[in-house]
Amino acid sequence: MVDDAIAFCGGIDMTAERWDTQRHNDNDPNRRRPSGRAYRPFHDATAVVGGPAARALGDLARERWRRATGEVLLTPPWPPAAEDDPWPTGLAPRLRGVEVAIARTEPAGRGQPESREVEALWLAAIAAACRTIYVECQYFAARCVGEALAARLAQPDGPEVVVVTPRYAEGWLAGRVMDGARRRLLEHMRRADRFDRFRIFAPVTAAGDPIYVHAKVLTVDDRLLRIGSANLNNRSMGLDTECDLAVEAGSGDRMESEIRRAILSFRNTLLAEHLGSESARVADVLAQNGGSLIQAIQTLRSPTGRTLVELGTPEPGKGEPLAESELLDPERAEPAWIAFRHLVASRITGARRRSQT
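The structure contained in this document is the topic of the report that follows. What you are looking at is a predicted structure, and each value in this text was computed from that prediction instead of being measured. (Residues numbered from 1 in each chain as written. Predicted model: local features only at pLDDT ≥ 70, side-chain atom pairs only at ≥ 80, totals over all residues. Heavy atoms only, no water.)

1. A few points about helix 7 (residues 279–288)
Then, number 1: Those residues of helix 7 lying buried are Val282, Val285 and Leu286. Down the axis of helix 7, the buried set is contained in an arc of 105 degrees. They therefore lie on one face. Turned more than 90 degrees away from the buried face of helix 7 sit Ala280, Ala287 and Gln288, all of them exposed.
Then, number 2: Residues of helix 7 that are buried in the fold lie against helix 6 (256–275) and helix 8 (293–300). (Buried < 20%, exposed > 50% of the residue type's maximum accessible area, 1.4 Å probe, protein only. Helix = DSSP H or I, 4+ residues; strand = E, 2+ residues; numbered from the N terminus. Arc of directions from axis to C-beta. Contact = heavy atoms within 4.5 Å.)

Rendered as structure tokens:
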């Protein structure tokens, strides 16, 4: 956030190993840490807003800073002077003059009630979907979201669900917890997918190397676009402090058609990036396949070059007890001994099952 005139909200961390281009070239010489060590291709997404939306994000940031540190930050004068507009040159806004919603996750504490707006928006969006749900996420482990998606997949007239995620979670501990939780969630969703409307993919480079997906993106039909910081895991629904932005094409809204076009254009741009194609080509193939995301992706996938690789359901791994206990990915803050009890109980149950086989 800069002087409440411009604000950013998304997945990109202020750290190393985050720079990349949409081409995700193999062996890109610019994709290096300050030490000179190369790092893997990286995909992320962040929204940038101005006007009242930037002001609202500034207010939220100052309030969270006050609660965390006790320090009260100065509020910039409003509105900012036109000559001081910090909007990046060369970055054309996809939309102007639209309402932007802010969805928060904030745990209860210090006299403050919890906020679960991120979770509520996920569930409402899934319930409202008619044709397509497109998701990009670092993790795919939120139980409430998985159950809501599975319920829609079980309906004869439910939407297609396409998820783009990394092949594996980053880090030893996160891999054990998040990949184990993803396996369980995928089993549940595939049992519900009686009409073959669910696919989960991982992007790879032209040489077949994995591209790490760190984005947190949701599009629902051509009606809702959501970008933010919240992961699709339990912690982001109730324990962590998160912030997502959303734009909706409301029925009868004066800008409904323009918003719908912008949402489709953004989603098609993401798909084109992953499939080594162009946004216009993605739109054409979608039209040829009756708007089916799954059929369009299958058509555009290539055995060579940058593409999307379909993920199966992996065998249970060593991280299953951690994932089942929710010790490291709880939905709410709870005493550590309760989470530890869940972990011990899951290990005892697993040992009993093995002794009986």
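What follows continues from the structure just given.
2. A closer look at the packing of helix 7 against helix 8
Then, number 1: Packing of helix 7 against helix 8 brings their axes to within 9 Å, and their N-to-C directions diverge by 120 degrees. Here helix 7 is positioned oblique relative to helix 8, judged by the angle of their axes. As helix 7 packs across helix 8, the resulting crossing turns out to be right-handed. Between helix 7 and helix 8, the contacting residues are Arg281, Val282, Val285 and Leu286 on the first element and Leu293, Ala296, Thr299 and Leu300 on the second.
Then, number 2: Residues belonging to the contact of helix 7 with helix 8 are distributed by class as follows: six nonpolar, one polar and one charged. (Axes fitted to C-alpha atoms, helices over the stretch in contact; angles between N-to-C directions. Parallel < 35°, antiparallel > 145°, perpendicular 65-115°, else oblique. Left-handed = near helix turned anticlockwise from the far one by under 90°. Nonpolar A, V, L, I, M, F, W, Y, C, P; charged D, E, K, R; others polar.)

3. Here we look at helix 8
The α-helix winds at 3.6 residues per turn, so residues separated by three or four positions along the chain end up facing the same way.
Then, number 1: Buried residues of helix 8: Leu293, Ile294, Ala296, Ile297 and Leu300, and no others. For helix 8, the angular spread of buried residues about the axis comes to 165 degrees, placing them on one side.
Then, number 2: Where helix 8 is buried, its residues touch strand 6 (132–136), strand 7 (160–164), strand 8 (198–204), helix 6, helix 7 and strand 13 (307–310).

4. What about the packing of aromatic side chains?
Then, number 1: All chains considered together, the criterion is met by two aromatic pairs.
Then, number 2: When the centroid spacing of 6.5 Å and the interplanar angle of 20 degrees are considered together, the rings of Phe140 and Phe198 count as stacked. Of this pair, Phe140 sits in the loop between strand 6 and helix 3 (143–153) while Phe198 sits in strand 8, placing them 58 residues apart in sequence. (Phe/Tyr/Trp six-rings, centres within 6.5 Å; stacked < 30°, edge-to-face > 60°.)

5. Section: the nonpolar core
General note: in soluble globular proteins, nonpolar side chains tend to be found buried as a group.
Then, number 1: Membership of the largest hydrophobic core comes to 39 residues, with the highest contact counts inside it found for Leu57, Tyr134, Val162, Val217, Leu271 and Ile297.
Then, number 2: Broken down by element, this core gets its largest block of residues, seven residues, from helix 6.
Then, number 3: If we skip the residues at most four places from it in the chain, Val162 touches Ile133, Tyr134, Val135, Arg199, Phe201, Leu293, Ile294 and Ile297.
Then, number 4: Judged by nonpolar contacts, the second largest core, of 34 residues, contains Ile133, Val135, Leu153 and Val163. (Core = buried A, V, L, I, M, F, W, Y, C linked by side-chain atoms within 4.5 Å.)

6. Section: the environment of Arg281
Then, number 1: Mapping Arg281 onto the fold places it in helix 7.
Then, number 2: With 13 residues separating them in the primary sequence, Arg281 and Asn268 have C-alpha atoms 8.9 Å apart.

7. Looking at the pairing of strand 1 (residues 6–10)
Then, number 1: Burial analysis of strand 1 places four of its five residues in the buried class, which makes it a mostly covered element.
Then, number 2: As paired strands, strand 1 and strand 3 (residues 46–50) are joined by five bridges and run antiparallel to one another. Of the residues in strand 3, the one forming a bridge with Phe8 is Val48. (Pairing = 2+ DSSP bridges.)

All we've got here are geometric facts, nothing functional implied.
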